Amino acid sequence: MKRVLSYILVLATVLFLGSTNVFADGYWEEYFKDTPITGYTGCGLNGPSYLTEWKSMKKEEKIVMGGCGDYTTKFVPMNGTANLVFDNVGTIAVKSSNENIVTATTKPYDFSYEKNHYETYIEQFNKATFEEFLKDYEGCVDNNGNFSQDKQYCNSEYTEKPTWWEYSEYKTEPKTWWEAYQLDTEPTNAVEVISYAKDLGSATLTLSASGKQDITIDWNIKAYDFGQYVGPKSAPDMGKGLAQILNNLEKYKDLIPTPTDYDTNKTYNFTYYISEKEDLSEVVNALKGKDITILFRQYTNVGESTYFLNGKEIKNEVGEGFTYNHNISMETSIIKDKIDSLVDVKDAIYIDFTYHGTLPTEYKLSVNIREYIGNQIGNKLIDQYCAAFKDYKDDAGYAKLEKCWNDNNLTEKHTKELEEYLNNTAFTLLYYNPEKDEMEVVAENLKAVDDKIELTFDHFSSYVLTSNFTRKEKKSNNAQTGTLNVVLYGTFGALSLAGMVAVFLKNQKKNR
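These numbers come from a predicted model, not from an experiment.

Calculation criteria
- Residues numbered from 1 in each chain as written.
- Predicted model: local features only at pLDDT ≥ 70, side-chain atom pairs only at ≥ 80, totals over all residues.
- Heavy atoms only, no water.
- Pairing = 2+ DSSP bridges.
- Helix = DSSP H or I, 4+ residues; strand = E, 2+ residues; numbered from the N terminus.
- Axes fitted to C-alpha atoms, helices over the stretch in contact; angles between N-to-C directions.
- Expected span 1.5 Å × (residues − 1).
- Buried < 20%, exposed > 50% of the residue type's maximum accessible area, 1.4 Å probe, protein only.
- Arc of directions from axis to C-beta.
- Disulfide = S-S within 2.5 Å.
- Contact = heavy atoms within 4.5 Å.
- Parallel < 35°, antiparallel > 145°, perpendicular 65-115°, else oblique.
- Left-handed = near helix turned anticlockwise from the far one by under 90°.
- Nonpolar A, V, L, I, M, F, W, Y, C, P; charged D, E, K, R; others polar.
- Salt bridge = Lys/Arg side-chain N within 4 Å of Asp/Glu carboxyl O.
- Core = buried A, V, L, I, M, F, W, Y, C linked by side-chain atoms within 4.5 Å.

A. Representation of the sheet that holds strand E5 (residues 102–108). Strand order across the open sheet formed by three strands is E3-E6-E5, with antiparallel pairing between neighbours. Two strands lie at the open edges of the sheet, namely strand E3 (84–86) and E5, each paired on one side alone. The mean angle between the axes of side-by-side strands here comes to 25 degrees, regardless of whether they run parallel or antiparallel. Relative to strand E6 (residues 191–197), E3 runs antiparallel, the two sharing three bridges. Bridge pairing links Leu 84 to Val 193 in E6.

So this is what it looks like as structure tokens:
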């Protein structure tokens, strides 16, 4: 049975809040404007009781990249707010130790969202027929979205429709919304406390209520993830926020984190998620000369590219429009027609940088050769052994391709050919020189090491990494783009049967 369908859209990054008002131009005040800081850890609710206990607490803000959430067809208690909700307190007075950092407002909380969520779910569940239950709750649909009880589409264990509470795994039927929310009694005189930030820093909120001892909320917010897609709302100028931190390091010295990257074991201070054509010039120029390291991350069609840049390494300031954004492809390049007119290339990997020009310092890029070559070998084996099944139209056709793959033991053949290729093939890096209209050799005899090629550039332009090339017209070879170091990195690994079928064949299926 399809009990829980969950997805996590989370790339959560922690914001711990720090000292006094330190930003010029009011960037952070505008960023936080009209958006409550919830202080919850991770993507979730305040707690199993859905109410806040009256006691002093420490709170951290969290910037979530991409949002977060869980989807399930069962009834799940959901809070109408992520702010603090105190029960049976009458009224609450709030005082901030620093209103330039954090303030708060209060208002009665009536749980209308929770009540409606409970009532609506039961009403819709009870209206559904057994067939609708199988389709809408158990996911019994074919590839066209139509109801189907065929076993390849419907794994439900139900032969008749259950009650909503049995389906949601309650032991007995909750009679009220608050019982469904696992509360012993219905909340009364509940008050919501809504906290707002104006700037990065630290501040304490003191809460007072009649007949209760005062409690405190110690807020601590410290941003260390930046980029266009970071934050509770659209933040296209997060680079300005990071630049302001870099330009005020003395004020931020107690707020700068030093996390360690899991993959490389390198320490850094801030993460910046690069998006297409994003201008990083303000950030890079503010970083120059400072002993601060930024980990630049970019998600590409070959996986994630990472680059560590310390301000002490920067030699040159950069102009407006500078970015590390790039595209890597085995199929095309922004100047593919020009490349094709000059050279014939084999096993070509095209690297196009959005920015063309001088860099602040040499740039190292890891290129995933293994995945590219693995896909190429996989396609060749299918053409050789299973050509009759490669143009499948439905799941039955895909099953035939999968069977052909298995019957011919293509996983073993694929792995063997891939390893032999990576161990024995040398690559050449070519650069297109637009002034001379030539493809120039930058580096030769680049061989795989640990499945990575790490290229070091001092100039951004368009490049081709190829195992073999033939010139269509004779040109002089002038290496103009700097030195190259090569290390090989990849995510394909030795493909098992399940891996090849799930990764290579399924990817083909998904793209249809």
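B. Structural context of helix H12 (residues 410–424). Over its 15 residues, H12 extends 21 Å from the first C-alpha to the last, a length consistent with the 21 Å expected when each residue adds 1.5 Å. For H12, every residue scored as buried is listed here: Leu 410, Thr 411, His 414, Thr 415, Leu 418, Tyr 421 and Leu 422. Seen end-on, H12 carries its buried residues on one side only, within an arc spanning 135 degrees. Facing away from the buried side of H12, by more than 90 degrees, are the exposed residues Glu 412, Lys 416, Asn 423 and Asn 424.

C. Structural view of the state of the cysteines. Here the structure, examined in full by the defined rule, presents two disulfides. Here Cys 140 is linked by a disulfide to Cys 154, with a sulfur-sulfur distance of 2.0 Å. Between Cys 140 and Cys 154, the disulfide has an S-S torsion of 50 degrees and is therefore right-handed. With Cys 140 in the loop between helix H3 (130–137) and helix H4 (164–167) and Cys 154 in the loop between H3 and H4, this residue pair connects regions lying 14 residues apart in the sequence. Cys 140 gets classed as buried once you look at its relative accessible area, which sits at 0%. Between Cys 386 and Cys 404 runs a disulfide, and the two sulfur atoms are separated by 2.0 Å. Here the S-S torsion is close to -95 degrees, and the disulfide linking Cys 386 with Cys 404 is therefore left-handed.

D. Fine view of helix H2 (residues 112–127). Taking 1.5 Å per residue as the helical rise, H2 with its 16 residues ought to reach 22 Å, and the 22 Å between its terminal C-alpha atoms agrees with that figure. Taken as a whole, H2 has its buried residues at Glu 114, Tyr 118, Tyr 121, Ile 122 and Phe 125. Viewed along the axis of H2, the buried residues span an arc of 90 degrees, placing them on a single side of the element. The exposed set on the far side of H2, more than 90 degrees from its buried face, consists of Gln 124 and Lys 127. In the core, the buried residues of H2 are packed alongside H3, H4 and helix H5 (177–180).

E. Just the packing of helix H10 (residues 369–385) against H12, in detail. Across the interface, H10 lies against H12 with an axial gap of 9 Å and an inter-helix angle of 135 degrees. Taken together, H10 and H12 sit at an angle that is classed as oblique. Classified by chirality, the crossing of H12 by H10 is right-handed. For the pair H10 and H12, the contacting residues are Ile 369, Arg 370, Ile 373, Gly 374, Ile 377, Gly 378, Lys 380, Leu 381 and Tyr 385 in the first and Leu 410, Lys 413, His 414, Glu 417, Leu 418, Glu 419, Tyr 421 and Leu 422 in the second.

F. Quick look at the environment of Glu 331. You can see Glu 331 is positioned in the loop between strand E13 (326–329) and helix H9 (336–342). Residues Glu 331 and Tyr 350, 19 residues apart in the sequence, show an inter-C-alpha distance of 7.6 Å. Look past the residues within four positions of Glu 331 in its chain and what remains in contact with it is Lys 336 and Tyr 350.

G. Quick peek at the packing of H2 against H3. Interaxial distance between H2 and H3 falls to 8 Å at its minimum, and their mutual angle equals 125 degrees. Put simply, H2 runs oblique to H3. Within the contact between the two elements, H2 uses Tyr 121, Gln 124, Phe 125 and Lys 127 and H3 uses Glu 132, Phe 133 and Tyr 137. Per-class residue counts for the contact of H2 with H3 are four nonpolar, one polar and two charged.

H. Region of the structure containing the pattern of salt bridges. Inspection of the entire model under this criterion finds 15 salt bridges. One salt bridge in this structure joins Lys 58 and Asp 218, with 3.6 Å as the shortest N-O distance. One end of the pair, Lys 58, is in strand E2 (residues 57–65); the other, Asp 218, is in strand E8 (residues 215–221), with 160 residues separating them in the sequence. According to the relative accessible area criterion, Lys 58 is exposed, its value standing at 69%. We classify Asp 218 as partly exposed; its relative accessible area is 26%.

I. Focus on the nonpolar core. If you look at the biggest cluster of nonpolar residues, it comprises 92 residues, and the most contacted ones within it are Trp 28, Phe 86, Tyr 324 and Phe 457. Ranked by residue count, the leading element in this core is strand E15 (residues 349–367), at eight residues. Grouped together as the second largest cluster of nonpolar side chains are 27 residues, Tyr 118, Cys 140, Trp 164 and Tyr 181 included.

J. Just the pairing of E15, in detail. In terms of burial, E15 is largely enclosed, as 14 of its 19 residues are buried. Judged from the four bridges that link them, E13 and E15 form a sheet pairing that is antiparallel. Residue His 326 lies in a different strand from E15, and its bridge partner there is Phe 353. As judged from the 11 bridges shared by E15 and strand E18 (residues 453–466), these two strands associate in the antiparallel manner. Bridge pairing links Asp 352 to Ser 462 in E18.

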